[in-house]
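Residues per chain are reported as follows:
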Number of protein chains: 2
Amino acid sequence: MEKELAEVLLDAANGRDECDLVIKNARIADVYNQEFFTGNVYIKNGYIVGFDDDLKAKEEKDAEGRYLIPGFIDAHCHIESSHLSPSEYSDAVVPTGCTTVIADPHEICNVTGLDGLEYMLKASEDIPLSVYFMVPSCVPATAFEHSGAVLLASDLKKYIDGKRILGLGEMMNYPGVLAKDEEVLKKLSLCWENGKNIDGHCPSLRGKELSAYVLTGINTDHEAETAEELREKTRKGMYVMLRQGTACQNVKELVKGVDEKNISRILFCTDDRQPQSITREGGVNYGVSLAIKEGLAPALAIRAASLNAALCYGLSDRGSIAPGKRADFFLTSEVKDGIKAEDVYISGTLVASGNRIIKKAKHTKPENVAGKMDVKDFSKEKLRLTLKGDCVRIIDIVAGGVVTKCGKAKVKRDEDGTWIHDPKADILKISVIERHHATGLVSNALIRGYGLKHGAVATSIAHDSHNIIAVGDNDEDMELAVKKLIATGGGITMFCDRKELATHVLEIAGLMTDATLSEVTACLDMMHEKAEKELGVSKDIDPFMTLCFMALPVIPALKLTDSGLFDVNAFSFVPLEAD
Amino acid sequence: MEKELAEVLLDAANGRDECDLVIKNARIADVYNQEFFTGNVYIKNGYIVGFDDDLKAKEEKDAEGRYLIPGFIDAHCHIESSHLSPSEYSDAVVPTGCTTVIADPHEICNVTGLDGLEYMLKASEDIPLSVYFMVPSCVPATAFEHSGAVLLASDLKKYIDGKRILGLGEMMNYPGVLAKDEEVLKKLSLCWENGKNIDGHCPSLRGKELSAYVLTGINTDHEAETAEELREKTRKGMYVMLRQGTACQNVKELVKGVDEKNISRILFCTDDRQPQSITREGGVNYGVSLAIKEGLAPALAIRAASLNAALCYGLSDRGSIAPGKRADFFLTSEVKDGIKAEDVYISGTLVASGNRIIKKAKHTKPENVAGKMDVKDFSKEKLRLTLKGDCVRIIDIVAGGVVTKCGKAKVKRDEDGTWIHDPKADILKISVIERHHATGLVSNALIRGYGLKHGAVATSIAHDSHNIIAVGDNDEDMELAVKKLIATGGGITMFCDRKELATHVLEIAGLMTDATLSEVTACLDMMHEKAEKELGVSKDIDPFMTLCFMALPVIPALKLTDSGLFDVNAFSFVPLEAD
């Protein structure tokens with residue numbers, strides 16, 4: 001608080017001066033006592049100053065008995081997954097009742113390093129949505145691929161104490177933590193020295209390994225999948241996030257482990273939500289709604305989505321409807337069957353209504369992060385897949401998830417040993433093209449279960465290094481698709497018979513665009529339809545999101561990086577040929 | 001955390017190295033899930049590293065199924081009220097299971113200013129009890145008396161960011177907050193700028209005044225008296241403390257407003273506990289026990305007394321039994337009928353057992369704060385009470401509390417108008433003698449209900465300015481009592497027929513002593529008996545504590561400062577003579 005602001009608020013709160021606004025007749029969520037009470041909320045200079053009827057206000061609005069709920073805080077998200085720039089993301093999620101997000105910009109930092117962090121900071125300044133950041137802890141995610149940047153503790157040092165930097169982002173390198181990896185400890189030290197938070201990421205970590213991980217001060221996790229895991233993690237002192245992303249959806253299972261006794265240790269997050277999910281279902285409110293539908297009392301769910309995140313991350317100016325807090329809240333008619341924001345206020349101003357943004361975010365030009373494509377000597381020749389035998393390892397897609405299986409198959413080859421597509425086999429070529437440092441690296445392998453009959457799909461979203469990933473039955477379409485992405489600066493594209501079917505341009509680091517959510521959704525809807533109808537991609541999978549995870553060498557079982565085929569369980573490269 | 005420590009703990013937690021100690025077969029309090037679980041607690045270098053049976057430890061202790069509970073945190077206390085120096089206070093409260101206190105040294109600062117703060121910091125360094133401080137916000141408490149020091153924001157500035165300074169102590173000057181008092185806002189600004197806590201003190205403040213007070217960031221209160229008040233304060237965002245002091249006891253009433261829904265906003269504190277109360281009942285555990293007896297579930301009460309205070313004050317290294325937390329805990333056989341610590345561990349070392357201290361605190365010599373008596377020209381003459389009429393205002397003692405009533409009485413005078421003691425009337429003379437700045441100020445008035453038949457009692461504990469206060473039926477004994485305190489540097493003394501009956505010497509600022517709790521208790525027990533048996537002081541009141549509050553001009557209704565008789569409700573001095 002600033003002294004001048006305190007003076008203004010004190011005058012209003014004491015009735016010596018008029019408030020700017022009063023919302024009358026609201027059912028106010030009291031997240032401290034986990035109950036609702038009927039009252040009026042008086043607002044001055046963007047802050048709540050009281051509930052008392054002997055105050056005066058210039059403007060009066062009647063909530064007509066609707067619920068007044070603190071703006072939701074998305075405790076962990078990657079804005080990049082929305083394909084939207086921070087300003088468009090604000091316009092997209094604010095109407096859902098989300099007023100604050102804690103973002104880890106590790107996708108863009110994997111492409112553009114600190115330029116990405118600078119851009120995200122700048123592009124999210126002075127927009128309706130409050131955007132806080134955790135500096136990415138794991139850029140790159142592994143040493144088995146080429147990312148656009150390597151961020152060391154020494155790089156992060158100058159940022160860690162920033163006003164909108166709350167700490168270190170998800171520490172995915174839990175083996176490094178347990179093994180006292182020097183660089184990992186240096187990164188953790190930044191937070192120890194500066195009293196900052198450290199976000200965790202420890203899927204399935206239990207027992208003494210979990211204890212070891214937690215004792216370093218890592219105090220959140222968003223990777224719990226079972227109620228039992230949730231209870232062990234809360235017991236050991238972690239805040240556990242109920243995540244409802246697009247690919248990873250954990251609310252339904254986790255909420256079984258949540259009750260009145262541990263509710264103060266529960267947060268909600270989206271992690272990664274695709275544009276179509278945001279359009280159709282919403283943002284963090286979708287997970288909250290789902291939890292309520294699964295039986296969590298609305299007052300508890302609301303508390304978890306507001307106060308808890310504020311307390312966990314030290315955001316003392318928000319998270320509740322109380323004197324001195326920011327007037328970030330929304331009105332809604334019902335809470336029992338889920339939560340749909342109707343009128344959304346940020347700093348006491350109506351910014352969205354009826355799921356439409358009123359106060360649009362100002363836009364920041366994406367300098368230094370646009371058109372990041374540095375590919376050397378790419379040509380069709382590099383896509384040739386030569387095999388020493390017929391029997392090969394194959395990436396088996398598992399529908400509805402991000403894991404794959406390590407399959408085997410017998411394939412056809414020509415006289416030179418070059419793989420030949422068999423229209424009956426549903427086996428396609430998959431290629432990863434390094435795009436950051438002009439290394440010229442291209443690796444090729446085979447994938448099964450994608451369904452594509454003829455043509456190619458390529459994307460520059462390929463977790464976490466975001467090289468170009470392409471899949472297809474023929475090298476010509478694949479080549480054209482890859483070249484299209486190089487030319488546009490990235491995105492998602494589809495080719496068939498050497499013709500471009502459609503392209504979703506993601507000019508910001510090859511991950512995001514300045515288009516609006518509705519434009520992006522319309523484009524992706526169209527492309528999904530074409531992928532299915534014109535390319536024959538299986539209905540059971542998302543044609544684009546599935547591809548995004550095929551290069552991620554930390555999620556089992558078999559993946560392809562720009563450096564080769566990678567067995568995640570063995571944590572090493574393996575040859576294409578099987579025994 | 002330090003990197004070197006993290007490495008040691010990681011080795012132990014991963015089983016690569018032996019732990020120092022394991023407490024086996026304990027019923028461990030999980031304050032996050034508010035439940036108990038049976039398990040083992042592994043400790044290394046004073047920290048908890050895990051619960052898992054595949055770890056090794058050099059030393060093994062069997063808890064034999066006893067409860068293992070995180071060390072209690074007393075969220076607000078004035079150590080001075082115990083009459084003990086910090087080291088002796090540590091030895092006194094650690095055996096009760098209290099391992100951390102948040103102390104406001106405003107008593108000693110009222111006498112010795114920043115020397116008092118320096119002494120308290122130094123004397124509490126490296127002792128078993130963790131002592132954190134809030135810098136006093138209200139020295140002096142009012143402008144209607146002479147204290148030993150005036151602490152301005154500019155004085156506090158250099159301390160606010162100290163390692164063991166958590167913020168600003170109880171802001172008793174709530175009218176100053178509401179009225180935007182410049183100096184008050186400067187003090188609050190210190191916390192706003194440094195991200196520090198601000199403790200509240202707002203008895204009976206409700207409605208818009210409470211909202212105004214809270215919006216400045218003041219986020220705790222220990223003055224709530226009713227469940228209704230507790231709910232309004234929690235609703236507005238405050239942590240509410242359940243206080244069980246010696247004079248002020250609020251647990252029984254407040255606990256009616258506490259439930260599973262708001263438990264995360266509840267703390268326990270002692271505020272002021274006298275030595276005899278600590279000896280007979282304990283410290284903060286006494287309030288916790290009382291709450292349990294009143295029906296609060298033990299798991300909830302324990303959480304409030306540990307985790308909540310740690311979260312409220314940002315003490316991230318403690319407050320629970322979890323990996324990475326300090327091994328501050330105690331073992332006890334039962335929790336259902338209240339909590340009595342049996343074995344107390346601090347940093348993994350057994351420091352007390354069977355209510356006896358094992359590891360005594362090191363003692364710090366009280367430089368600059370001993371013998372603070374600067375009284376000018378004191379003599380019996382100054383005690384003469386001359387009245388212009390027979391009808392006088394009189395301080396009417398209310399048994400069992402700190403408030404008084406403003407009474408009236410008709411008294412006897414001699415030919416010069418000098419008051420004459422009437423043995424039938426139970427009206428005594430009360431005098432306040434300024435002791436800090438040799439002003440020579442002495443003020444006299446009359447008090448009813450004390451019961452003393454013959455003799456005098458004097459004390460240098462007189463909230464909050466701690467001048468000398470004396471009561472008696474004759475000026476000779478009063479004079480000797482006051483002179484005794486001047487000679488000893490302060491304390492409590494009793495005279496009768498010009499003979500010293502007993503003296504409790506408080507050589508540290510006239511408030512505290514380096515004697516042990518048992519010595520102090522024995523002395524006070526003896527003096528209480530003499531006060532009753534030999535002086536005839538009423539059984540219904542505490543002969544010494546009652547006196548301590550007679551000079552406090554912020555507690556109604558009629559008080560006496562060194563500057564005169566003060567009507568607290570009118571907030572002004574009033575003449576002795578009534579209409």
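Residues numbered from 1 in each chain as written. Chains lettered and ligands numbered in written order. Predicted model: local features only at pLDDT ≥ 70, side-chain atom pairs only at ≥ 80, totals over all residues. Heavy atoms only, no water.

## Here's the deal with helix α16 (residues 517-533) of chain A
Residues and elements named next belong to chain A. An ideal rise of 1.5 Å per residue puts 24 Å on 17 residues; α16 measures up with 24 Å between its terminal C-alpha atoms. Among the residues of α16, those classed as buried are L517, V520, T521, C523, L524, M527, H528 and A531. Looking down the long axis of α16, one finds its buried residues gathered within 165° of arc, a one-sided arrangement. More than 90 degrees from the buried face of α16, the exposed residues found are S518 and K533. (Helix = DSSP H or I, 4+ residues; strand = E, 2+ residues; numbered from the N terminus. Expected span 1.5 Å × (residues − 1). Buried < 20%, exposed > 50% of the residue type's maximum accessible area, 1.4 Å probe, protein only. Arc of directions from axis to C-beta.)

## With respect to the sheet that holds strand β25 (residues 468-472) of chain A
As a general point, the strands of a sheet are linked pairwise by backbone hydrogen bonds and lie either parallel or antiparallel. Residues and elements named next belong to chain A. Here eight strands make up an open sheet; going across it, the order is β19-β18-β23-β22-β25-β24-β26-β27 and the pairing mixed. Every interior strand has two partners, whereas the edge strands, β19 (404-410) and β27 (499-505), have only one. Taken pair by pair, the neighbouring strands of this sheet meet at an average axis angle of 25°, ignoring direction. As paired elements, strand β18 (residues 391-397) and β19 share seven bridges and run antiparallel to each other. Note on β19: the bridge partner recorded for D396 is K405. The strands touched by α16 are β26 (491-496) and β27; relative to β27, the strand with the most contacts, the crossing angle is about 150°. (Pairing = 2+ DSSP bridges. Axes fitted to C-alpha atoms, helices over the stretch in contact; angles between N-to-C directions. Contact = heavy atoms within 4.5 Å.)

## Some thoughts on the interface of chain B and chain A
In this complex, chain B contributes 56 residues to the contact, which on the side of chain A involves 56 residues. Interface area, chain B with chain A, both sides summed: about 5100 Å², of which 55% is carbon and sulfur. Ranking the residues of chain B by area buried against chain A places B:K208, B:L215 and B:R235 at the top, with a combined share of 16%. Remark: the boundary between chain B and chain A carries 14 salt bridges. Counting across the chain B and chain A interface gives 24 residue pairs in polar contact (both at pLDDT 80 or more). A per-element tally of the side of chain B that touches chain A places helix α1 (residues 3-13) of chain B first, with seven residues. By residue class, the composition of the side of chain B that touches chain A is 23 nonpolar, 14 polar and 19 charged. (Buried area = accessible area lost by both parts, 1.4 Å probe. Salt bridge = Lys/Arg side-chain N within 4 Å of Asp/Glu carboxyl O. Polar contact = N/O pair within 3.5 Å; in protein donor to acceptor, adjacent residues only side chain to side chain. Nonpolar A, V, L, I, M, F, W, Y, C, P; charged D, E, K, R; others polar.)

## Considering the nonpolar core
The biggest cluster of nonpolar side chains holds 164 residues, and the ones touching the most others in it are A:I108, A:F268 and A:Y450. For A:I108, the contacting residues outside a window of four places in its chain are A:E80, A:G113, A:G116, A:Y119, A:M120, A:V369, A:I508, A:A509, A:L511 and A:M512. Judged by nonpolar contacts, the second largest core, of 163 residues, contains B:L151, B:L242, B:L254 and B:V432. (Core = buried A, V, L, I, M, F, W, Y, C linked by side-chain atoms within 4.5 Å.)

## With respect to the state of the cysteines
Covalent bonding between the sulfur atoms of two cysteines is what defines a disulfide. Scanning all chains against the criterion turns up zero disulfides over all chains. The thiol of A:C138 is unpaired, and the distance to the nearest cysteine sulfur, on A:C191, comes to 12 Å. Given the relative accessible area of 6%, A:C138 is considered buried. With no disulfide of its own, B:C98 lies 7.3 Å from the sulfur of B:C77, the closest cysteine sulfur. (Disulfide = S-S within 2.5 Å.)

## Side note on the UniProt feature "domain: Adenine deaminase C-terminal" (unreviewed entry) in chain A
Residues annotated by UniProt as "domain: Adenine deaminase C-terminal" (unreviewed entry) correspond here to residues 402-571 of chain A. Within residues 402-571 of chain A, the helical portion is 21% and the strand portion 32%, while the C-alpha atoms at the span's ends are 17 Å from each other. (UniProt positions renumbered as here; feature names shortened; annotations may be inferred.)

## Observations concerning the relation of the copies chain B and chain A
Mapping chain B onto chain A is achieved by rotating through 180° and translating by 0.0 Å along the same axis, at an RMSD of 0.1 Å. Here the transformation between the copies is reduced to the relation of a two-fold axis. A share of 100% of interface residues in chain B that are also interface residues in chain A marks the association as one of identical surfaces. (Least-squares fit on C-alpha atoms with pLDDT ≥ 70 in both.)

## Observations regarding the packing of helix α8 (residues 207-215) of chain A against α1(B)
Running from N to C, α8(A) and α1(B) cross one another at 170°; their axes reach a closest spacing of 9 Å. By the angle between their directions, the pair α8(A) and α1(B) is classed as roughly antiparallel. Each of A:K208, A:A212 and A:L215 in α8(A) lies in contact with α1(B), whose residues at this interface are B:L9, B:L10 and B:A13. Here the contact of α8(A) with α1(B) is built from residues that sort into five nonpolar, no polar and one charged. (Parallel < 35°, antiparallel > 145°, perpendicular 65-115°, else oblique.)

## Section: the sheet that holds strand β22 (residues 427-433) of chain B
Residues and elements named next belong to chain B. Reading across from one edge, β19-β18-β23-β22-β25-β24-β26-β27 is the order of the eight strands in this open sheet, with mixed pairing throughout. Looking along the sheet, the strands with just one partner apiece sit at the ends: β19 (404-410) and β27 (499-505). Strand after strand, the sheet turns through a mean of 25° between neighbouring axes, direction not considered. As paired elements, strand β26 (residues 491-496) and β27 share six bridges and run antiparallel to each other. By the bridge assignment, G491 is partnered in β27 with V505. Of the strands in this sheet, β22, β24 (456-459), β25 (468-472), β26 and β27 are in contact with helix α15 (residues 475-488), which crosses β26 at around 150°.

## Points about helix α8 (residues 207-215) of chain B
An α-helical segment advances 3.6 residues per turn. Residues three or four places apart therefore align on the same side. Counting buried residues in α8(B) gives eight out of nine residues, a clear majority hidden from the surface. Listing the buried residues of α8(B) in full gives B:G207, B:K208, B:L210, B:S211, B:A212, B:Y213, B:V214 and B:L215. As for α8(B), its buried residues are in contact with α1 (3-13) and β3 (47-50) of chain A together with β9 (165-171), α6 (174-178), β10 (197-200) and α9 (227-235) of chain B.

## Observations regarding unusual backbone geometry
Residue B:V139 is joined to B:P140 through a cis peptide bond whose omega torsion reads 0°. Residue position: B:P140 is located in the loop between β8 (130-135) and α5 (153-156). With an omega dihedral of 0°, the bond running from B:P556 to B:A557 counts as a cis peptide bond. Along the chain, the position of B:A557 falls in the loop between α17 (545-548) and β28 (558-561). Located in the positive-phi region is A:H83, a residue other than glycine, with phi close to 70°. Looking at the secondary structure, you find A:H83 in the loop between β6 (72-77) and α2 (86-93). Relative accessible area serves as the criterion here: at 2%, A:H83 is assigned to the buried category. Of note in the backbone geometry, A:D377 takes a positive phi value of approximately 50° without being a glycine.

## Brief notes about the side chain of B:T546
Residues and elements named next belong to chain B. By the secondary structure assignment, T546 is in helix α17. On the accessibility criterion, T546 (11% relative accessible area) is buried. If we ignore the near neighbours within four places in the chain, the residues touching T546 are I397 and I541.

## A closer look at the environment of A:D374
Residues and elements named next belong to chain A. In this structure, D374 sits in the loop between β17 (356-357) and β18. Relative accessible area serves as the criterion here: at 38%, D374 is assigned to the partly exposed category. Along the primary structure D374 and E125 are separated by 249 residues, whereas in three dimensions their C-alpha atoms are 29 Å apart. The residues contacting D374, other than those within four sequence positions of it, are E434, R435, H436, H437 and A438.

## Quick notes on the packing of aromatic side chains
Residue and element names in this part refer to chain B. Under the counting rule described, the total for this entry stands at 20 aromatic pairs over all chains. With a centroid separation of 5.2 Å and 85° between ring planes, the pair formed by F144 and F571 is classed as edge-to-face. With a gap of 427 residues between them, F144 in the loop between β8 and α5 and F571 in the loop between β29 (564-567) and β30 (572-573) connect regions that are remote in the sequence. Among the residues examined, F144 registers a relative accessible area of 22% and is labelled partly exposed. Judged by its relative accessible area of 42%, F571 falls in the partly exposed class. Ring geometry for F566 and F573: centres 5.3 Å apart, planes at 80°, overall edge-to-face. Using a relative accessible area of 35% as the deciding quantity, one classes F573 as partly exposed. (Phe/Tyr/Trp six-rings, centres within 6.5 Å; stacked < 30°, edge-to-face > 60°.)

## Details of the environment of B:K533
Residue and element names in this part refer to chain B. Summarising the element assignment, K533 is placed in helix α16 (residues 517-533). For K533, a relative accessible area of 60% translates into the label exposed. Separated by 130 residues in sequence, K533 and V403 have C-alpha atoms that sit 25 Å apart.

## Things to note about the pattern of salt bridges
If you walk through the whole model with that rule in mind, you get 76 salt bridges over all chains. Put simply, A:K44 and A:D17 hold a salt bridge, and the shortest N to O gap is 3.4 Å. You can see A:K44 sitting in strand β2 (residues 35-44) and its partner A:D17 sitting in the loop between α1 and β1 (19-30), a full 27 residues away along the chain. A:K44 sits in the buried class, given a relative accessible area of 6%. A:D30 is paired through a salt bridge with B:R235; the nearest N and O atoms lie 3.1 Å apart. Placement of A:D30 in strand β1 and of B:R235 in helix α9 is noted, with the two residues assigned to different chains. It is possible to trace a salt-bridge network through shared partners that takes in A:D30, A:E35, B:R231, B:R235 and B:D259.

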